[in-house]
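Observations on the model geometry
Residue strings, one per chain:
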Amino acid sequence: MRTRFKRLALLLFIFVVSFAVKAAAYELHNGPTGVMYYEKDKCFNGYTLFTPTEKNNVTYLMDMEGNVVHTWEVKNAEGSNFHARLLPNGNLLLLRSVKNEDAQAQIGGWAGILDEVDWDGNVVWSYRMADKDHISHHTFDRMPNGNTLILGWERIANDKMIAKGRDPKTVPTEPVMIKGKPLTDFWVDFVREVDKDGKTVWEWHLMDHVGKGQDQLDPNYLAPKKAGAGYDSYDWSHFNTVEFVPGKDGNDKILLNSRNFSEALLVDRKTGKIEWRWGNPSSHGKGQGPTWYDDQSQIIFGSHNAAMVGENLMSIFDNGSERAEPNRSRVLEIDMTTGKIVWEYAANDGNSFFSYRQGAAQKLPNGNYLVTSTQHGHLFEVTRDKKVVWEFVSPIMEGKNSPIMLDAEHVLRTPKGVPVTHMYQNMIHRAYRYAPDYPGLKGKDLSPQGYIVKDGKKWFEANSK
């Protein structure tokens with residue numbers, strides 16, 4: 001059975017490669033869609049939560065074999081889902097995007113609505129941040145005290161940004177089109193903490209920390225133009241992480257990550273000061289920036305999902321996009337006291353693991369990582385010795401009424417003029433694995449309801465150990 005499958009997989013690989021110019025890249029380690037590989041004795045076994053992010057409104061919880069055990073579909077939901085987390089009380093905290101006409105800035109990652117949804121799909125709490133001057137984006141964090149941290153953008157007028165030191169020559173003189181929306185002002189990151197009643201109890205604004213030096217962000221540090229329209233101008237900072245980090249004696253911190261600066265930041269919650277930063281010394285005069293062929297002192301590129309995984313230990317998803325050297329994504333662990341990388345995973349072949357945008361990595365209790373390679377809807381679990389022991393490719397495609405298999409008969413075609421790296425048809429922003437004894441699953445019916453994709457079972461049986 002295994003020999004037969006390997007031959008079939010090889011034929012599939014040859015087919016996909018032969019159509020590489022015409023077809024969208026299909027990232028894989030072993031096969032088509034659904035759960036494709038599973039080594040039970042080497043995995044952290046539990047339930048995987050994922051939310052397709054391309055115009056879909058269903059969140060899935062599945063077992064290790066790919067059986068759906070629960071779904072959430074919010075009734076009369078506005079907009080479309082972005083990503084979700086399962087709370088200890090069994091509710092889902094779900095970020096979704098507002099309607100296009102309600103979003104003044106449609107920069108990648110824009111959202112606007114955060115809903116808490118019970119097991120049956122009923123909204124029990126909601127917070128909206130979407131007006132002419134603000135919009136929530138990318139992510140959130142539910143704090144131990146029940147409050148919620150929300151990442152947002154705020155509109156900053158050009159003259160105010162110039163007063164902060166921005167070179168007027170780099171301020172656009174014409175509107176910049178991003179996602180079909182004309183922008184004429186900067187949209188700069190801030191963090192808002194709201195209580196259970198939706199009242200703002202704390203905020204941190206990047207605009208209070210603009211300038212030169214270790215504890216400020218340089219208003220004239222620009223992402224490469226090839227990163228996309230607006231990323232070198234109105235979408236100047238582009239954060240994608242917010243995480244509450246409890247400290248001793250109330251000395252709490254906030255962990256942030258800037259994709260455009262390619263840096264993780266640690267902020268003191270009391271003073272607001274940026275106490276630590278890592279990833280790109282050249283952004284603040286501590287090293288040489290990349291040349292056209294050499295990364296120089298920059299360590300990560302286009303990073304996402306910084307997360308605390310131990311005392312003074314952080315993980316981060318290094319996309320590797322816009323690198324001077326060859327593209328490849330990595331998952332890194334960093335000793336925050338030394339700034340040294342203490343563990344990393346990158347595929348032997350960059351074509352097997354590369355997410356041009358977005359992405360995440362969750363450290364599991366057994367030390368493995370559940371990796372979300374967003375661009376291809378690709379989830380996989382990798383061990384400390386860098387062996388892939390479980391993987392799944394989402395069959396939920398944008399514009400499709402039902403899940404599909406990707407094989408020789410279902411190769412996704414690239415629309416004319418759209419680069420392969422921009423194909424997001426089955427994106428998953430972030431996925432999370434929960435143990436069977438996770439409090440939020442206590443007393444829940446987790447009976448298998450069948451595979452997401454037709455014929456998924458035969459692929460699973462051919463590739464499980």
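Refer to the structure presented above.
Summary of the structure given here. (Residues numbered from 1 in each chain as written. Predicted model: local features only at pLDDT ≥ 70, side-chain atom pairs only at ≥ 80, totals over all residues. Heavy atoms only, no water.)

**Digging into the pattern of salt bridges**
Pairs may arise between side chains of opposite charge once their charged atoms sit close together. This structure, assessed with the given rule, holds 22 salt bridges. R155 is paired through a salt bridge with D185; the nearest N and O atoms lie 3.0 Å apart. With R155 in strand β10 (residues 148-156) and D185 in the loop between β12 (181-183) and β13 (186-194), this pair connects stretches of sequence that are 30 residues apart. Residue R155 is classed as partly exposed on the basis of its relative accessible area of 28%. By sharing partners, the salt bridges in this structure join K132, D133, R155 and D185 into a single network. (Salt bridge = Lys/Arg side-chain N within 4 Å of Asp/Glu carboxyl O. Helix = DSSP H or I, 4+ residues; strand = E, 2+ residues; numbered from the N terminus. Buried < 20%, exposed > 50% of the residue type's maximum accessible area, 1.4 Å probe, protein only.)

**Examining the sheet that holds strand β26 (residues 388-393)**
A sheet is described by the order of its strands in space; here five strands give the open sequence β1-β26-β25-β24-β23, paired in antiparallel fashion. Single-partner strands in this sheet number two, and they are β1 (34-38) and β23 (360-363). The mean inter-strand angle of the sheet, taken between neighbouring strand axes irrespective of direction, is 15°. Direction of pairing for strand β25 (residues 378-382) relative to β26: antiparallel, over a ladder of five bridges. Among the inter-strand pairings, H378 is bridged to a residue of β26, identified as V393. (Pairing = 2+ DSSP bridges. Axes fitted to C-alpha atoms, helices over the stretch in contact; angles between N-to-C directions.)

**Thoughts on the nonpolar core**
Core analysis: the biggest nonpolar cluster contains 42 residues, and W204, W236 and L256 have the highest contact counts within it. Secondary-structure elements contributing two or more residues to this core are β10, β11 (176-178), β13, β14 (200-205), β15 (239-245), β16 (253-258) and β17 (263-268). Y38, Y60, M62 and L364 belong to the second-largest nonpolar core, a separate cluster that totals 21 residues. (Core = buried A, V, L, I, M, F, W, Y, C linked by side-chain atoms within 4.5 Å.)

**Looking at the pairing of β15**
Counting buried positions along β15 gives seven out of seven residues, so the element sits mostly inside the fold. Bridging between β15 and β16 involves six bridges; their strand directions are antiparallel. The residue bridging E243 from the neighbouring strand is L255, located in β16.

**Focus on the sheet that holds β17**
Strands sit in the order β15-β16-β17-β18 across an open sheet of four strands; the sheet is antiparallel. Edge positions in the open sheet fall to β15 and β18 (274-278), since each of these has one partner strand only. Within this sheet the neighbouring strands show an average axis-to-axis angle of 20°, counted without direction. Summarising the sheet, β16 and β17 pair through six bridges and their orientation is antiparallel.

None of the figures reported here should be taken as evidence of function without further support.
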